[in-house]
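The primary structure of each chain is shown beneath.
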Amino acid sequence: MFDPDTLGRTAPLPLAEPTKEWAWGNADGAGVKVAVIDSGVDADHPLVHGLAGAVVVEFEPDAENQVRYVPGPHEDLVGHGTACAGIIRRVAPRAEIYSVRVLGATLRGRAAVFAGGLRWAIDNGMHVLNLSLSTGKSEWFGPLHELADEAYFRNIILVSAVNNVPGPSYPSLYSSVLSVAAHPGSDPWAFDYNPAPPVEFGAPGVDVEVAWLNGSNLEVTGNSFAASHIAGLVTRLLSKHRGLTPFQVKAVLQAMASNAR
Amino acid sequence: MVTEQQNDLARLGDAVGPALRPVGHQALLTGIVERIRELFSAAACSVALLSDDETELVFEATSGAGADAVIGQRIGVNRGIAGWVAGSGQAIVVADVSQDPRFDRELAESTGYVPRSIVALPLETERMVVGVLEVLDAGSVTGDTARDLHLLGILAAQAALALEGSLVFGRLGAELLAATGLAERPDRTRRPPGDPELAAIAGAFQRLASAGPAQRRLAVRVLEAVCDFGATSP
């Protein structure tokens with residue numbers, strides 16, 4: 001469990017001035033492409049205001065990798081993807097947000113569709129992937145691990161929500177991703193580093209107000225909202241410091257953590 | 001390559017599996033939702049299982065407000081909070097569902113209880129998505145929403161394992177073929193065709209398990225007579 005009360009302190013990088021001002025002061029996310037791999041995004045929601053692109057990934061058993069891609073605008077089937085996009089937009093106002101919808105009418109082929117969403121994001125030049133989804137199926141450990149490694153070596157940052165239910169949860173348990181759990185608080189700039197992984201970061205995700213369907217807002221709790229906070233911060237960081245690698249991003253975040261001494 | 005004989009064995013296994021299923025499965029499931037409802041002083045708690053074609057969630061066990069009306073209700077996985085939880089494998093708490101335009105107020109009203117808040121967690125194992133656990137208008141056990149969710153997650157993991165065991169018994173033959181490497185692991189949409197008569201016989205065996213010795217002896221004599229008749233008739 002990610003427990004904010006027992007985190008202790010963590011030694012940050014010995015940077016001369018490891019300040020948040022250095023990390024993302026005056027940055028706005030411009031030029032950074034973020035994929036929200038989720039239920040779709042309502043581009044017209046006032047807290048989202050616009051998408052740079054959108055694609056639906058559908059299960060197609062006979063197709064290559066069992067998926068087909070339908071580019072173009074789509075609705076959010078649930079509201080969750082809109083919530084994540086709104087959180088990212090708040091932190092990184094000029095980010096280029098893409099909606100990659102991987103939920104549909106059936107859960108059949110769910111993991112294949114999820115992997116297809118990751119594949120699309122990697123192949124289409126995304127810089128940050130916001131992942132609120134996971135699977136516990138052991139047969140998908142390998143394929144998803146390969147995709148996560150490929151993203152890592154191409155300097156693509158995967159931000160993954162951890163699972164509240166004990167047990168396997170891929171890709172959030174891989175070392176190549178930034179795994180995030182929810183902690184209380186509403187300050188989007190405040191987050192913790194957990195020195196006892198696999199959960200590495202804690203960010204606002206408890207009783208947070210988020211964008212939802214038809215222009216509405218909802219008060220929600222969940223690790224997925226915390227992950228979007230970190231995805232937004234990473235987007236902002238990358239817009240100011242282009243080309244940082246995943247391990248450099250992790251190091252900067254660790255140095256900026258509220259519990260770093 | 002699976003032979004016809006192995007397929008026959010799989011069909012027999014699928015039929016016999018339910019007869020071997022641990023007695024008290026439903027009572028266990030009901031017990032889980034009742035305990036969770038009590039623990040969290042919630043208005044209601046329910047478990048919905050993923051349908052065979054993986055397009056719907058079907059309420060299997062409930063406790064509390066509107067419980068009887070909810071059993072058997074079906075909701076699509078492509079819309080709303082519960083569907084997202086099943087699809088994403090992530091838990092979520094919504095403080096006021098009336099603010100969600102996609103909240104199915106009609107369904108809630110038909111049960112006689114309209115909740116304000118919903119906690120929904122996935123029921124998932126290493127082998128399958130089983131369904132979703134929902135708690136309506138839950139109080140706090142720990143005084144901390146994140147800790148409450150962690151506690152519920154542990155309970156959901158236990159419930160998912162219990163349910164998985166039961167589901168595997170329901171398709172025992174196909175699972176055995178997969179386990180021995182003779183066939184692909186079955187998913188919900190690729191079961192071998194069932195045999196309703198074998199299933200009925202297996203069901204009768206399950207009932208006989210709790211019958212007295214006299215009834216069992218009678219059943220054996222009847223079955224032997226049927227088999228003898230089958231062997232002598234053209």
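For the structure given in this document, a descriptive report is provided here. (Residues numbered from 1 in each chain as written. Chains lettered and ligands numbered in written order. Predicted model: local features only at pLDDT ≥ 70, side-chain atom pairs only at ≥ 80, totals over all residues. Heavy atoms only, no water.)

1. A word on the sheet that holds strand 8 (residues 192-193) of chain A
Residues and elements named next belong to chain A.
Link 1 in the chain: Taken together, 9 strands build an open sheet; the order of strands is 3-2-4-1-5-6-7-9-8 and the sheet is mixed. Of all strands in the sheet, those bounded by a partner on one side alone are strand 3 (67-71) and strand 8.
Link 2 in the chain: Of the strand pairs in this sheet, strand 1 (residues 33-38) and strand 4 (residues 96-101) are connected by 6 bridges, and their pairing is parallel. Paired with I37 across the two strands is V100, which belongs to strand 4.
Link 3 in the chain: Sheet contacts for helix 2 (residues 80-91): strand 1, strand 4 and strand 5 (128-131); angle to strand 1, the most-contacted strand, approximately 155°. (Pairing = 2+ DSSP bridges. Helix = DSSP H or I, 4+ residues; strand = E, 2+ residues; numbered from the N terminus. Contact = heavy atoms within 4.5 Å. Axes fitted to C-alpha atoms, helices over the stretch in contact; angles between N-to-C directions.)

2. Overview of helix 4 (residues 141-153) of chain A
Residues and elements named next belong to chain A.
Link 1 in the chain: The end-to-end C-alpha separation of helix 4 is 18 Å, in line with the 18 Å expected for 13 residues at 1.5 Å each.
Link 2 in the chain: Within the sequence span of helix 4, burial applies to L144, L147, A148 and A151. Within helix 4, the buried residues cover an arc of 100° as seen down the axis, which keeps them to one side. Away from its buried face by more than 90 degrees, helix 4 exposes E146 and F153.
Link 3 in the chain: Among the structural elements, helix 3 (110-123) and strand 6 (157-161) are those in contact with the buried residues of helix 4. (Expected span 1.5 Å × (residues − 1). Buried < 20%, exposed > 50% of the residue type's maximum accessible area, 1.4 Å probe, protein only. Arc of directions from axis to C-beta.)

3. Side note on the packing of helix 3 of chain A against helix 4 of chain A
Residue and element names in this part refer to chain A.
Link 1 in the chain: Closest axis-to-axis distance for the helix 3/helix 4 pair is 10 Å, and the angle between their directions is 15°. Judged on the interaxial angle alone, helix 4 and helix 3 are roughly parallel. Viewed along their axes, helix 3 and helix 4 form a crossing whose handedness is left-handed. In this structure, helix 3 uses A115, L118, R119 and I122 to contact helix 4, whose residues at the interface are L144, L147, E150 and A151.
Link 2 in the chain: Among the residues making up the contact of helix 3 with helix 4, the classes are represented as 6 nonpolar, no polar and 2 charged. (Parallel < 35°, antiparallel > 145°, perpendicular 65-115°, else oblique. Left-handed = near helix turned anticlockwise from the far one by under 90°. Nonpolar A, V, L, I, M, F, W, Y, C, P; charged D, E, K, R; others polar.)

4. A closer look at unusual backbone geometry
Excluding glycine, a negative phi dihedral is what most residues carry, and trans is how most peptide bonds are arranged.
Residue and element names in this part refer to chain A.
Link 1 in the chain: In this structure, P171 follows Y170 across a cis peptide bond, with omega equal to 10°.
Link 2 in the chain: Along the chain, P171 falls in the loop between strand 6 and strand 7 (178-183).
Link 3 in the chain: In this model, P197 is joined to P198 through a cis peptide bond whose omega is 25°.
Link 4 in the chain: Assignment of secondary structure puts P198 in the loop between strand 8 and strand 9 (201-204).
Link 5 in the chain: Phi is positive for H49, which is not a glycine, with a value near 25°.

5. Re the pairing of strand 9 of chain A
All names here are of chain A.
Link 1 in the chain: Pairing between strand 7 and strand 9: 4 bridges, direction parallel. When the sheet's bridge partners are listed, A181 is paired in strand 9 with G202.
Link 2 in the chain: The sheet contact formed by strand 8 and strand 9 spans 2 bridges and is antiparallel. Among the inter-strand pairings, Y193 is bridged to a residue of strand 9, identified as F201.

6. Describing the packing of aromatic side chains
Residue and element names in this part refer to chain A.
Link 1 in the chain: All told, the structure shown has 8 aromatic pairs over all chains when counted by the stated rule.
Link 2 in the chain: A centroid spacing of 5.8 Å and a plane angle of 10° characterise the contact between Y170 and Y174, whose relative ring orientation is stacked. In this pair, the class of Y170 matches that of Y174, namely buried.
Link 3 in the chain: Centroid distance Y193 to F201: 5.6 Å. Interplanar angle 65°. Geometry classified as edge-to-face. Neither Y193 nor F201 differs from the other in exposure class; each is buried. (Phe/Tyr/Trp six-rings, centres within 6.5 Å; stacked < 30°, edge-to-face > 60°.)

7. Some remarks on the nonpolar core
Link 1 in the chain: Ranked by size, the top nonpolar core spans 67 residues in total, and within it I37, L129, L158, V210 and W212 of chain A together with L57 and I92 of chain B carry the most contacts.
Link 2 in the chain: When residues in this core are grouped by element, the largest group, 9 residues, is from helix 3 of chain A.
Link 3 in the chain: With residues up to four places along the chain from it excluded, the contact list for I92 of chain B reads H80, W212, T221 and F225 of chain A together with I81, W84, V85, I118, V119 and A120 of chain B.
Link 4 in the chain: The next biggest cluster of nonpolar side chains, apart from the first, holds 44 residues, and it includes A27, V48, L238 and V252 of chain A. (Core = buried A, V, L, I, M, F, W, Y, C linked by side-chain atoms within 4.5 Å.)

Remember, this is a structural readout, not a statement about activity or role.
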